[in-house]
Each structure stands twice: as C-alpha cells, then as structure tokens.
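# Secondary and tertiary structure notes
Below, each chain spelled out in residue letters.
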There are 2 protein chains.
Amino acid sequence: MGRVETNGRRKRATVKDVATEAGVSRGTVSRVLNGQPYVSDEARAAIDAAIAKVGFVPNRAARSLVMQSSQAIGLIVHEPHSLFVEDPNIGSILLGANAALSDADYQLSCLIADSQRDIDRLARYLSGGLIDGVIIVSARVGDPITRAVADLGLPAAFVGHPRDIGEAAYVAIDNRAGAREITTRLAATGRSRIGMIAAALDRDSGSDRLAGFVDALGNRFDPQLVERVPFYSYSDGQAGMRALLQRSPDIDGVFASSDAVAAGALDVLRDAGRVVPDDVGVVGFDDSSWALRCDPPLSTVHQPADELGRAAARAVLAQLRGEDPQAGGRVLECPVVWRGSA
Amino acid sequence: MGRVETNGRRKRATVKDVATEAGVSRGTVSRVLNGQPYVSDEARAAIDAAIAKVGFVPNRAARSLVMQSSQAIGLIVHEPHSLFVEDPNIGSILLGANAALSDADYQLSCLIADSQRDIDRLARYLSGGLIDGVIIVSARVGDPITRAVADLGLPAAFVGHPRDIGEAAYVAIDNRAGAREITTRLAATGRSRIGMIAAALDRDSGSDRLAGFVDALGNRFDPQLVERVPFYSYSDGQAGMRALLQRSPDIDGVFASSDAVAAGALDVLRDAGRVVPDDVGVVGFDDSSWALRCDPPLSTVHQPADELGRAAARAVLAQLRGEDPQAGGRVLECPVVWRGSA
DNA sequence: CTGAAAGCGCTAACAC
DNA sequence: GTGTTAGCGCTTTCAG
C-alpha cells in the first residue's frame, strides 16, 4: 500500500502512479475516478486494478483546489461552554443535518466557537476553501460569525432567525406563537399571577418567547413578574425562580423559557415547599429530554430539532446547486405538548 | 474586496493579486504571509497594505496541498443517535479538546458517524489530506473507524481504551478501579443484595465497569443480579431496573453503569414504591449533569471529561510534532463522589 | 533581501 | 476513446 520513502513514512500514491501502473495517462485515470463516460472497458479495468494495487486514495486538498469545492459543509455552534453540554436540541439538530447531508454525500464538520480566539480562527478556516457552506446554530444578533460568513459570501443557512441576517436562508420555529399559546393555556388553568423566567434575550428565540408571553397576558401582564436571566440553563432557572419567589410570593404560574430553565425552577419550587401543579403551574419550551425527566413531567412547546437541522442542510445544498435559497426562510410548526406540570 | 467577475460572483484575490498590487513578487508575499525573516520593512508595509486593499485571504486548500497539512484535526464520534444527544460527557470532551487545539491554533472539526454510509464517507474524507490527525471518542472493539485510521497511518489518540488499538495513543480513566471502589462503598452501607445494570458491554468502559463490580463483590457476587442493556441511556436504565426488580424483588443496592442509566433506575424504583436510599441504594458513573438532577442526588464516580479531551488533543499534537506518542497511554484519576443516593 | 521557476495532486479543455 | 497540456493558489529552492 502506497510507496515507502526513505524516512519510513508512507508516501501516498498519486494519480500518476496509478496511470503508470495501468499503462494509461493521468487524464484517463481522472475520468474513471469521476465516473465519466468515454472510457474503454479494458482501460477501466486496468485502472481499477492499479488503484487497488498501489492503494491509491485521492487527495482532496488537490481536488478542492481545482474544483473550488470540498464536499464538506460546516455546522457552527456558537455557545458558551455550559450550554453546549446542556442543550439536547443541539445534538438533535446536528444529527438531522448530518442525515440530510449524508444523503447528498456531503461531509458534515461541526465547528465550535467558544472564545474570541475560536471565532477568529474559524473565520480564517471558513475562508480557506475547505468548507463549501455553513449551517449556523444559535447565532446572536450582531454575531461576529454572521458577519464573517456574510463577508465571505459563503452559502449559509441559519437555524433560528436573528433579525440581522438580511436575505440569508433560515429555518426556524415561531417562538412567539408557541410562547403565546402555552401561556394562554397556562392561564386557562385558572392562574392569576403568572410569571416568566426569560432567558437568552440577546437571541431571537429568547426575545420572541418573551414577546409571546406578553401577547398572551395582554393587560394582565405585570412586568414585576418577569425575571431575566442570561442562559437557557438549569442553574439560571434556579436563580430565576428564587428571584421570582422572593419578589412575588403569591405567584401561581411560571413560563420558563426552556425546559432546562423549567427544571431548575421546579427544583427550587419543591425546596420552597410549593406543590406543582397544585400551588403553581409550570410550563417550559423545547420538549427536550429534560421535559420527561421532570417531576411532574413538563408541559412544554415541542421543537422539531431534528427537522430544523435537516431543513437547514437542504437549504445550504440548494444554494450550492445554484438554486434560489428558498425565498428567505421556512417556519416549522411547534405544537404545545400538555403533560402534568400545569 | 476581491475582484468581481462578469458573472457577478466575487472571485477571491490571490497571492498574485497582492504581489502585483504591492509591486513585488509572489515569493515575497508568501514570505510575509508566513512571518519569515529577510523581508525589507518597505516591502512588508507595501504588502500589508495590498492585502488589506484587495481583501486577500489565503486559500487553505492550496496551502494544504503544498504543505501536506491543514492545521485541522478531527474528533470522531461514533455513536448511535440517541446517545450523542443524551451523553453530556461527549460535550465536555469536545470542549476540552477544542480548548487545547485552539491554543495550538489548530481547528477542531467534529465528525459524526451515525450509519455505515457515514463511516465510508468519513474514511474517504480522512484520507483526503484535509485533516492532520484525529481524536476518536467511544470507539468499540473492532470498530471500522479504528481500522480505517490505522490503515491511513493518521496520527490519532483515543479517548478510552479499546483493546484492539495496538500501540496507539490513548487517554482513559480506570473504569475498573472506579467501579470497584464505588461498589465497595455501596456494600459498606450495609446492603446485601447488590445488583448492576451493565450497559455498553461492547465497549471497554462498559466491560471494565462490570469487571470492577465483580471484583468488589468477590464471592458475594450473584450473576442473577446483573442485567445487561445495550446503551448508557436513561431508557435502558429504566428497562434494566424493571428487569432486576422483577427477577429479584429483594434487591437493596444498584450500581448503574452510567448516571443516565441510574436516573432511569431511580425513576422506576420510585414508581415501584421503593425509597432511595432507605430501601435501596443507587450509585452511578460519570458525574455528569444527570447526577445533580437526580432525586436524591447521585453518588457516582467522577469522570474528568474535559481533561480527557484536552489530553487526547495534546497527544495528537505531540505526534504531529514528531514526538513519541507518549508511550501508549495515560490514565486519569476518577474519584468517587458521595452524595445522597446511597 | 528579492525574483524566477518548479511543483504539490488533481481536473478539464483540446487535440489526435 | 485517450494522451497532452494548462492551470487551481500556494510555498520554496536557487540564483542573483
């Protein structure tokens, strides 16, 4: 397999080696490699044999260079440490995107941005021609990654819908409508003092969920009952619930802006001796694995994470084929799932 | 920024454009690009200006081709769907590896293998010269990915220690010792009928944990009390516990081979009316975010996931520098963390 | 210190 | 059908 150099390191066989071995020219080898027609059966056979014999495997860097494409697309996750670990949706999105790309024989490369340094390196990496397009998950408004990708003119699709992505393709859920609906249902269980733990307001999802909450409550909305926290995390859920409880002990309903947040809230409520759903009703958002693990199981808004990933991947592929990026975006359904927590 | 072609698509500026703009040769541009000495200050200044003016950004495919290296290393996760989503350790390993690579200015690319098709494509991708080395997470014995990487002679480091990786570098924890220790402590709480939910026996971690359990119990070990399940998952934990309960209703201690498994077991025990830790003591393994969310919080074995990722990354980097792959492997400490579940 | 030229491994005209 | 020949964009001798 492969030639062996004096230094002992295996040197990889090239098209040229295959050509000599098969007694044909490089052009012909290239043709069979790319499945083009107009190659005699004997030539094809000789080449196949030669490929196997010398252990040839094409060098993608060379191919990318000449083709100006790499058959790889990136999925960028821009998250602070903890969230990436805690948020089960990201995993589902990843798997969905991978499935769709796999069908089209594209390689998915998941790139994580976890520091300013990462962002800079990532920008350089993306502009290097080793990635044909990107799926961007959880971008924030004014995200430097968004800018870099736009500057590069790289085919892209967003999961979610930050307001500043212009005409770029995106696939999202209607966070506002989902939040509105579940809040309405929570209110319908007879609660009168409904609060919200509002996380990630620097993201479209976060601010939209808050907006939906306000919509639903209308003039019964009381700003005192909204606690803002930075992340969609379990610990921020705990902190938010503690603050709410202290400020408004008469609270009898809580919309947590994610299931992880709800889980934190639930645990704080239990410690405070409140019974859910009798004393206070709690609802979440995401329908992630947290929801079923809660006690009682969480009423929440279902998020089709896997399908979000698939659709985003398809949007990037469409752009790569030169098709119109599906006129902006797609919005997927996010039905309420009613369980025992409210 | 960049030249504009007639078709409207931006064509990227090349070294040549920079050279003409700056009135020097391509060689000189390349020198400043790579921070080499022996370039006059004026030339350097002119080139820097030209780079900014034409919006030059180096093409990595071209650079990779000539340098035979890409400054990117892959992290391969070979998992069935569900697990990737449920296992918080993978996220931490990823983040740790990313941190270490980031310091060395390498790009981490996370590659997921979720089907046979993925595996084949991955093998081709890895051999393409776009990836300089790999970190392999959760490989199984006889894993095709392991074979492919070995055939390629790609610098690699494993997280975990499948028996069939030969001399390859790895970083692992002593699963057997950890399991032995926590089982011993569980027994010391006065339990006499201790069972185990043993998952992932096709992986070194899974079989080692079982071995440690057997070690600890010595002649008090009863094969009847071991239930084998496929994955380290919540649902397999539930299934395992149900089976155990039915077969041996007198069970009073359970070693679950991961925290997720333990969480499932806990919920089944609760539904069955057993009080933890009074009626039955439960311990897990991993010290992941599941552990704290359990009620009562789980006694478990701490796994330094972040550090596993970091160390694996460093091992690959060392190989890339031509240093000896640190004589096989490193084994990290995994202390028992005692909480309320036993 | 700098320019010219060769070549990394592959594909794509264009001849024959 | 197949060989030949230009490059893709970059680094790197080797002269000067």
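Residues numbered from 1 in each chain as written. Chains lettered and ligands numbered in written order. Predicted model: local features only at pLDDT ≥ 70, side-chain atom pairs only at ≥ 80, totals over all residues. Heavy atoms only, no water.

## Notes on a negative patch on the surface
- On the surface, A:Asp271, A:Asp295, B:Asp271 and B:Asp295 cluster together into a negatively charged patch.
- Position of B:Asp271 among the secondary structure elements: in helix α12 (residues 259–271).
- Of the residues examined, B:Asp271 reaches a relative accessible area of 68% and is grouped as exposed. (Patch = residues over 30% accessible without salt bridge, like charges linked within 9 Å, V, L, I, M, F, W, Y side chains within 5 Å. Areas by Shrake-Rupley, 256 points an atom, 1.4 Å probe, with all protein chains shown as cover. Salt bridge = Lys/Arg side-chain N within 4 Å of Asp/Glu carboxyl O. Lys, Arg positive; Asp, Glu negative; His and termini not counted. Charge placed at Lys NZ, Arg CZ, Asp CG, Glu CD. Helix = DSSP H or I, 4+ residues; strand = E, 2+ residues; numbered from the N terminus. Buried < 20%, exposed > 50% of the residue type's maximum accessible area, 1.4 Å probe, protein only.)

## Focus: the protein's contact with DNA strand C
- Near DNA strand C you find 29 residues, and of these A:Val15, A:Arg26, B:Thr28, B:Arg31 and B:Ser40 are the closest.
- When the atoms of DNA strand C within 4 Å of the protein are grouped by moiety, sugar and phosphate amount to 67% of the total.
- One of the backbone N or O atoms of A:Val15 is found 2.4 Å from a phosphate oxygen in DNA strand C.
- One of the side-chain N or O atoms of B:Gln68 is found 3.4 Å from a phosphate oxygen in DNA strand C.
- Of all the secondary structure elements, the ones that give two or more residues to the surface near DNA strand C are α2 (26–33) and α4 (60–67) of chain A together with α2 (26–33) and α4 (60–67) of chain B.
- With five residues, the single largest contributor to the surface near DNA strand C is α2(A).
- A breakdown of the residues in the surface near DNA strand C according to their chemical character gives 13 nonpolar, ten polar and six charged. (Near = heavy atom within 4 Å. Polar contact = N/O pair within 3.5 Å; in protein donor to acceptor, adjacent residues only side chain to side chain. Nonpolar A, V, L, I, M, F, W, Y, C, P; charged D, E, K, R; others polar.)

## Quick word on the domain arrangement of chain A
- Considered domain by domain, chain A is made up of domain 1 (15–58), domain 2 (72–172 + 306–332) and domain 3 (175–301).
- Placing the centre of domain 1 of chain A and that of domain 3 of chain A at their C-alpha centroids yields a distance of 63 Å. (Domains from an automatic or database assignment.)

## Considering the side chain of A:Glu227
Residue and element names in this part refer to chain A.
- Take glutamate 227: it is sitting in strand β9 (residues 226–229).
- Separated by 2.9 Å, the side chains of glutamate 227 and arginine 247 make a polar contact.
- Setting aside residues up to four positions removed in sequence, glutamate 227 forms contacts with Met196, Ile197, Ala198, Gly240, Ala243, Leu244 and Arg247. (Contact = heavy atoms within 4.5 Å.)

## Let's talk about the packing of α4(A) against α4(B)
- Taken N-terminus to C-terminus, the directions of α4(A) and α4(B) make an angle of 145°; their axes are 8 Å apart at the nearest point. Our pair here, α4(A) against α4(B), has a crossing hand that is left-handed. Here A:Ala61, A:Ala62, A:Ser64 and A:Leu65 of α4(A) lie close against α4(B), whose contacting residues are B:Ala61, B:Ala62, B:Ser64 and B:Leu65.
- Among the residues making up the contact of α4(A) with α4(B), the classes are represented as six nonpolar, two polar and no charged. (Axes fitted to C-alpha atoms, helices over the stretch in contact; angles between N-to-C directions. Left-handed = near helix turned anticlockwise from the far one by under 90°.)

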